[in-house]
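So you can see what is in the structure, the chains are spelled out below.
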2 protein chains.
Amino acid sequence: MISVDEARARVLAGLRPVAAEIVPLAQAWSRVTAAPIAARLTQPPHDVSAMDGYAVSTAAPGPYRLVGYAPAGHPWEGVVQPGQAVRLFTGSVVPDGADAVIIQEDVTVGGEIVVTAETIRSRQHIRARGQDFAEGQVLVPAGRRLTARDVGLVAAANHPWVTVHRRPRIAILATGDEIVLPGEAIPPGGIVSSNSHALSALVRSAGGLPVLLPVAADDTDVIARAADAAAGCDLLVTTGGASVGDHDLVAKALGGRGLELDFWKIAMRPGKPLMHGHLGDLPLLGLPGNPVSALVCALLFLRPAIEVLSGLPGAAAATTRATLGSPLLANDRRTDHLRATLSDASGELIATAFPSQDSGQMRLLASADALILRAPHAPALPAGAAVDIIRLDQQGL
Amino acid sequence: MISVDEARARVLAGLRPVAAEIVPLAQAWSRVTAAPIAARLTQPPHDVSAMDGYAVSTAAPGPYRLVGYAPAGHPWEGVVQPGQAVRLFTGSVVPDGADAVIIQEDVTVGGEIVVTAETIRSRQHIRARGQDFAEGQVLVPAGRRLTARDVGLVAAANHPWVTVHRRPRIAILATGDEIVLPGEAIPPGGIVSSNSHALSALVRSAGGLPVLLPVAADDTDVIARAADAAAGCDLLVTTGGASVGDHDLVAKALGGRGLELDFWKIAMRPGKPLMHGHLGDLPLLGLPGNPVSALVCALLFLRPAIEVLSGLPGAAAATTRATLGSPLLANDRRTDHLRATLSDASGELIATAFPSQDSGQMRLLASADALILRAPHAPALPAGAAVDIIRLDQQGL
């Protein structure tokens, strides 16, 4: 059995970012840039007014004679002489000859005469050409997941298209004679497939494109043919058939297709039997059949794998410090991930593990706010002790 | 001018959740439930084995004679007599007569005889029928944004469809003679539209459906007709034309369409001019034209508005405590939102405001990690003082 960190490192080491595609800016949010995005113009393209007011030259004091009117988008073409003023609005181009803007609240206007009692500083209320960015300047590096703010910046820089990594295609193959799809008739001993649907949602939340393969019965030929359907995908995720029992069928089935097995056991709970390998060029992640184990393993290994395929670094799930709301027993040699609720006691984050940590309870995982991390051989801890947690609400799970 | 909190309360008070629709489970991730989801079956539907092993009766000690084989999905139909064993796997139905499972690592099997040296407790390694949930039990309440875990739980509960609020349709209308779309020719004094694209991304991140209306020139008739195109939407968001200057055209234009103005100034920075009202049944949010102001206002008002329309509570953006990395000047009477970077100093979150807080710098907003909140008249603070921040990476902005 290998550690969680070693397993993640080995899974990620076999992955490369997928190729690029171009998408319209309107569909670029949350996509990962495949190339740096440089400004196609200088912003602002001219000195512009930061306020509604009047452009003047500081070469002469007021009062000023109003000689022009320049709303945003309609620059005044003349040259402002000392003693003259041009009416401007926020974003208006500051006309030649002017070097300051007097805000409208600070003037009185009578006929064509503009009077102010304020002292005028050169450059006041003017946004200088290029203050935000200059043509050619890289605004967004490659390998960044575009935020709404980035989308605005890229738009301002005049890009109608962006080059991003295509969404990684993640094939999901549930195996098991007992598995039926939601809404179908359930035979005796049958159970409704939940893993593949939860994993599909996790893939979407991580920016991937799930490809849900038909459920494969517990038969090596059927499993092998189902896996063939993953051709053209970037990663094949299986669930079930990865236990240590007689029903360890996935490895057997795919062995006939040339599976190179890297490892298949991790010192963790829930989820010990996790299989990793390659089917030719196709990386394979074999998750346990138990839904709680499958989802915790997906959080720890599948999510960073999708990130690497997407062009991101693929870090471990972020951890936060929290305070224990109830005591914990000493841990054994496996890293544990205790399902817990979070509460906030005057700014302090309290994590309380569910009394039952049975991995058969999907309802408890769904209502958990966090996983409390327990290192191998971690000692018993009293309530009030500090622990590391993974916040599930921040992990798209 | 009214406070940020009062403005948000008034915006949200005028909103109601949109109607429901049904979506396939495969598209249900991140949607908001419009009705509680109850289990359609009991899970597990029978007592099942938690491990690979052998089902026995504790009424008699071993050794046991192997009389059956029951992989998951293929229940053994007989009754286990004392002294008999049935081979099971994780998830297999425990046959009648058996009340314990011996895990396979604890037995030796010779021919048809199963021997164990361990003491067997009744119910060991058995997951009881209904341990996860019972038929009829509510698993997901109404008004919850479905996580990947929820999707798995709803699948396990045998729902192929779920009833969710439809995505709120948010019409976005950029106004201004100077505005051109990315990739179009830019006339003198022209500027590329960034607000509408950034807002569209923010709407998507909040679970809404953006409807990008054509840019409206600074003309009351044009603006009024453009706003007519928002019919059937749940909220109209305008940008620009909301300043205090001569170019306060949106209010004027929509006044002719029966706009009932609620308020139009907020004591905040960036973004003082924010307009709120109703056009008949259509709520209106008029954001400033300045991109930084527009996006900060969108975070504070539009995002919770979309949440309420989606069937969620619509809370203020979550705040976190952080430590100042550099001193701050005293604040004036307007709530301020300082663009800042975050760093982590041995577990302590350090927030450092950019030296320039000019709202003309979209690039700085895009590279900010957080907004530092400054209450009206907040005193000057030294580096090391505690402040409240809004983490932008957790706000879909």
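This one's a predicted model, so the numbers in the text were calculated from it and none came from an experiment. (Residues numbered from 1 in each chain as written. Chains lettered and ligands numbered in written order. Predicted model: local features only at pLDDT ≥ 70, side-chain atom pairs only at ≥ 80, totals over all residues. Heavy atoms only, no water.)

Caption draft 1: A look at the side chain of B:His165. Residues and elements named next belong to chain B. Looking at the secondary structure, you find histidine 165 in strand E12 (residues 161-165). A distance of 2.7 Å separates a polar side-chain atom of histidine 165 from the backbone oxygen of valine 18. Those residues within four positions of histidine 165 in sequence are excluded, and the remaining contacts are Pro17, Val18, Ala19, Ala20, Arg31, Val32, Thr33, Ala34, Ser310 and Gly311. (Helix = DSSP H or I, 4+ residues; strand = E, 2+ residues; numbered from the N terminus. Polar contact = N/O pair within 3.5 Å; in protein donor to acceptor, adjacent residues only side chain to side chain. Contact = heavy atoms within 4.5 Å.)

Caption draft 2: Examining the interface of chain A and chain B more closely. Contacts between the two partners involve 78 residues from chain A, matched on the other side by 78 residues from chain B. Roughly 6000 Å² of surface becomes buried between chain A and chain B when both sides are summed, with 55% attributable to carbon and sulfur atoms. On inspection of chain A and its partner chain B, the count reaches two salt bridges. There are 26 residue pairs in polar contact (both at pLDDT 80 or more) connecting chain A and chain B. For the side of chain A that touches chain B, the element with the highest residue contribution is helix H2 (residues 148-156) of chain A, accounting for eight residues. Residue classes in the side of chain A that touches chain B are distributed as 36 nonpolar, 27 polar and 15 charged. (Buried area = accessible area lost by both parts, 1.4 Å probe. Salt bridge = Lys/Arg side-chain N within 4 Å of Asp/Glu carboxyl O. Nonpolar A, V, L, I, M, F, W, Y, C, P; charged D, E, K, R; others polar.)

Caption draft 3: Summary view of the pairing of strand E6 (residues 84-88) of chain B. Residue and element names in this part refer to chain B. Among the five residues in E6, four count as buried, and that is most of the element. Relative to E6, strand E4 (residues 53-56) runs antiparallel, the two being bridged by four bridges. Bridge pairing links glycine 53 to leucine 88 in E6. Bridge analysis of strand E5 (residues 64-70) against E6 gives five bridges, and the strand direction is parallel. (Buried < 20%, exposed > 50% of the residue type's maximum accessible area, 1.4 Å probe, protein only. Pairing = 2+ DSSP bridges.)

Caption draft 4: Spatial organisation of the domain arrangement of chain A. Taken as a whole, chain A is organised into domain 1 (4-17 + 167-310), domain 2 (20-42 + 132-165), domain 3 (48-127) and domain 4 (320-394). Relative placement of domain 3 of chain A and domain 4 of chain A: their C-alpha centres are 63 Å apart. (Domains from an automatic or database assignment.)

Caption draft 5: Broad picture of helix H2 (residues 148-156) of chain B. All names here are of chain B. In terms of burial, H2 is largely enclosed, as nine of its nine residues are buried. Within the span of H2, buried status applies to Ala148, Arg149, Asp150, Val151, Gly152, Leu153, Val154, Ala155 and Ala156. Measuring from the backbone nitrogen of arginine 149 back to the side-chain oxygen at the start of H2 gives 3.3 Å, which picks out threonine 147 as the cap.

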